[in-house]
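Examining the three-dimensional arrangement
Given next are the chains, with one letter for each unit.
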Amino acid sequence: MKILGIESSCDECSVSWLEYTDSRLTTRSLSTFSQIELHRPFGGVVPEVAARNHVETILPMLADALREAGSPGVPDAIAVTNRPGLVGALLVGVCTAKALALAWGSKLVPVHHLDGHLASLFIEQEIPADAFPMVALVVSGGHTHLYLLKEHPARVSQGALRGTLLGGSRDDAAGEAFDKTAKLLGFPYPGGHHIDRAARGARADRFVLPRPQSTQLGEFEFSFSGLKTAAMQLIRKLESHHELEKAKPDLCASIQEAILDQLLSKTFRAVTVYGAKSIGIVGGVSANSRLRERLAQEASRPGGVPYFFPHLRYCTDNAAMIAAAGAFRLAEDGLLPHSPEALMLTALPHGDVERPR
Ligand code: KG4
Ligand code: ZN
């Protein structure tokens with residue numbers, strides 16, 4: 001099966017050609033334009049700037065992706081992120097996908113952005129059936145969600161990816177906690193990988209930062225707003241004593257460790273409670289080097305469970321993961337290009353309402 005994926009929900013404009021054969025997902029091409037430089041002066045993503053830039057870049061990305069795939073003909077389906085995200089940005093991808101589906105007669109598969117992140121685990125990586133149930137953590141700039149995936153998505157009807165939602169963040173997402181504290185430290189947007197880099201080899205126990213207690217939150221809920229406030233007060237204090245520059249690496253390591261402690265304590269607790277056989281971590285924050293190191297340490301302990309990360313190129317937003325989620329779903333269905341549902345397909349800013357079960 002050949003799938004063209006399109007992602008334009010936020011500040012990455014991405015098109016990918018992916019093949020799904022014998023339960024293997026292989027990327028034939030991936031062309032992504034990152035708008036980070038455009039948004040940097042504003043310290044965050046400006047929705048109208050994002051949407052306008054997607055209009056300019058989506059066709060060049062499409063042309064690049066088709067060229068890189070070696071002019072592969074007509075895809076069986078076009079998978080496009082239609083929720084959640086910035087509505088103007090999403091609409092650029094959705095309208096492009098509808099036009100291509102009509103022109104090529106390919107099926108159209110609307111994809112939830114988080115299904116895309118979860119599907120990224122399975123691209124060019126074999127995850128055995130006995131790795132399920134899996135506790136899956138989505139950690140990105142906009143989401144911190146913990147799921148229980150009961151089975152490999154290739155074996156589930158409708159290619160269900162998100163499984164059961166165990167919990168999420170009450171306030172900021174994990175990536176947002178990295179980005180906001182990085183901004184206070186003077187790093188450019190997005191700051192996650194700057195903190196990651198600055199923290200290497202530094203002391204994570206020098207500054208004491210809050211880890212919310214499970215008694216204050218639901219068992220699988222997260223909260224990062226207290227950490228942000230505490231980091232802000234600490235930064236102001238160090239600044240007033242002209243000690244900030246010298247303390248920066250240790251401060252980055254301490255912030256990073258506080259974020260990871262919270263993410264991992266809930267994830268490991270979910271493994272115990274649900275008897276999970278493995279852990280999967282996806283989304284931009286899954287690129288974090290200390291997170292990967294800590295998972296490796298935990299897995300090597302007696303009784304440690306195996307863990308899976310997407311390949312680095314599939315951690316941050318990209319269209320290959322959207323095509324992969326589309327491939328799992330298309331094994332069951334997909335909208336016919338001329339059907340009323342396909343013509344009515346639109347962008348939804350908030351996605352589905354999800355509540356932990
Ligand atoms: O998944 P993604 O590209 O976009 C969303 O769907 O939100 O994630 C972007 C997030 C940003 O918050 C960025 O700071 C964070 O991922 N990020 C990292 C690292 N690389 C990207 N956070 C920590 N360490 C990293 N190495
Ligand atoms: Zn994302």
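A short tour of the structure in this document, coming up. Only a predicted model underlies this, so the values are computations on that prediction, with no experimental measurement involved.

Our next topic: the nonpolar core. Leu146, Leu185, Phe224, Leu251, Ile259, Leu263 and Ile281 are the most contacted members of the largest nonpolar core, which totals 45 residues. Elements that contribute at least two residues to this core include exactly β6 (134–139), β7 (144–149), α5 (174–184), α6 (192–199), α7 (225–240), α8 (244–274), β9 (278–282) and α9 (289–300). Here this core takes 13 residues from α8, the largest share from any one element. Ignoring anything within four residues of it in the chain, the contact list for isoleucine 281 reads Leu121, Leu137, Val139, Leu264, Ser286, Leu291, Leu295, Phe308, Phe309 and Pro310. Within the second largest apolar cluster, 38 residues are counted, among which are Leu118, Ala136, Val138 and Ile322.

Here we come to the pattern of salt bridges. If you walk through the whole model with that rule in mind, you get 21 salt bridges. Linking lysine 248 and glutamate 245 is a salt bridge whose minimum nitrogen-to-oxygen distance equals 3.3 Å. Of this pair, lysine 248 and glutamate 245 both sit in helix α8, three residues apart, which is roughly one turn of that helix. Its relative accessible area of 14% is what places lysine 248 among the buried residues. Notably, a salt bridge pairs glutamate 293 with arginine 290, separated by 2.5 Å at the nearest N-O pair. Taken together, the residues span about one helical turn, with glutamate 293 and arginine 290 both in helix α9 at a distance of three residues.

His113 (NE2), His117 (NE2) and Asp317 (OD) make up the full set of protein donors to the zinc ion (ligand 2), lying at 2.0 to 2.1 Å. Seen from the zinc ion (ligand 2), its four donor atoms lie at angles of 96 to 136 degrees, and the figure they make is irregular. Every donor residue of the zinc ion (ligand 2) comes from the same chain, spaced as H-x3-H-x199-D. One end of the pair, histidine 113, is in helix α4 (residues 113–119); the other, aspartate 317, is in the loop between β10 (307–308) and α10 (319–330), and 204 residues separate them in sequence. The burial state of histidine 113 is the same as that of aspartate 317; both residues are buried.

Here threonine 96 shows up in helix α3 (residues 87–104). Excluding residues that lie within four positions of it along the chain, threonine 96 makes contacts with Ile6, Ile58 and Leu59.

Next up on the list: the sheet that holds strand β3 (residues 24–34). Taken in spatial order, the five strands make up an open sheet running β3-β2-β1-β4-β5, and their pairing is mixed. Edge positions in the open sheet fall to β3 and β5 (107–112), since each of these has one partner strand only. Between one strand axis and the next, the sheet turns by 20 degrees as a mean value, whatever way the strands run. Sheet strands in contact with helix α2 (residues 47–68) are β1 (2–7), β2 (12–21) and β3, and its direction is about 140 degrees off that of β3.

Taking burial as the measure, the six residues of β1 include five buried ones, the bulk of the element. Where β1 and β2 come together, six bridges link them in antiparallel fashion. If you follow glutamate 7 over to β2, its bridge partner there is serine 14. Hairpin remark: β1 followed by β2, antiparallel, with four residues in the connecting loop. Taken together, the four bridges between β1 and strand β4 (residues 77–83) define a ladder with parallel strand orientation. Counted as the bridge partner of isoleucine 3 is alanine 77 from β4.

Counted as a void, the second largest pocket has a volume near 200 Å³. Taken together, 14 residues line the second largest pocket, and the ones lying closest to its centre are Ser23, Arg24, Gln125, Glu126 and Ile127. Among the residues forming the lining of the second largest pocket, the class breakdown is seven nonpolar, three polar and four charged.

The next subject is the sheet that holds β10. Here five strands make up an open sheet; going across it, the order is β8-β7-β6-β9-β10 and the pairing mixed. What marks the edges here is a single partner per strand, and that holds for β8 (164–168) and β10. Inspection of the sheet shows β6 paired to β7 by six bridges, in the antiparallel sense. By the bridge assignment for β7, valine 135 is matched with leucine 148. Against the sheet, α8 touches β6, β7, β8 and β9, its axis set at about 160 degrees to β6.

This brings us to the site of ligand 1. Lining the immediate environment of ligand 1, one finds 19 residues, of which Gly141, Asp179, Asp196, Asn288 and Asp317 sit closest. One of the backbone nitrogen or oxygen atoms of glycine 142 is found 3.2 Å away from an oxygen atom of ligand 1. At 3.0 Å from a nitrogen atom of ligand 1 is found a side-chain nitrogen or oxygen belonging to asparagine 288. Contact with the protein chains covers 89% of the free accessible surface of ligand 1, which is 550 Å². Taken together, the elements giving at least two residues each to the shell around ligand 1 come down to α4, α5 and α6.

Reading the values: rules and limits
- Residues numbered from 1 in each chain as written.
- Chains lettered and ligands numbered in written order.
- Predicted model: local features only at pLDDT ≥ 70, side-chain atom pairs only at ≥ 80, totals over all residues.
- Heavy atoms only, no water.
- Core = buried A, V, L, I, M, F, W, Y, C linked by side-chain atoms within 4.5 Å.
- Buried < 20%, exposed > 50% of the residue type's maximum accessible area, 1.4 Å probe, protein only.
- Helix = DSSP H or I, 4+ residues; strand = E, 2+ residues; numbered from the N terminus.
- Contact = heavy atoms within 4.5 Å.
- Salt bridge = Lys/Arg side-chain N within 4 Å of Asp/Glu carboxyl O.
- Donors = N, O, S within 2.8 Å, 3.2 Å for Na, K, Ca; no water.
- Tetrahedral: all angles 85-135°; square planar, octahedral: opposite > 155°, others 65-115°.
- Pairing = 2+ DSSP bridges.
- Axes fitted to C-alpha atoms, helices over the stretch in contact; angles between N-to-C directions.
- 1 Å grid on protein atoms, 1.4 Å probe; cavity = no way out; pocket = protein on both sides within 12 Å on 5 of 7 lines; lining within 4 Å.
- Points joined across faces, edges and corners; volume = space filled by probe spheres on them.
- Nonpolar A, V, L, I, M, F, W, Y, C, P; charged D, E, K, R; others polar.
- Near = heavy atom within 4 Å.
- Polar contact = N/O pair within 3.5 Å; in protein donor to acceptor, adjacent residues only side chain to side chain.
- Areas by Shrake-Rupley, 256 points an atom, 1.4 Å probe, with all protein chains shown as cover.

Any functional reading would require information that these geometric values do not contain.
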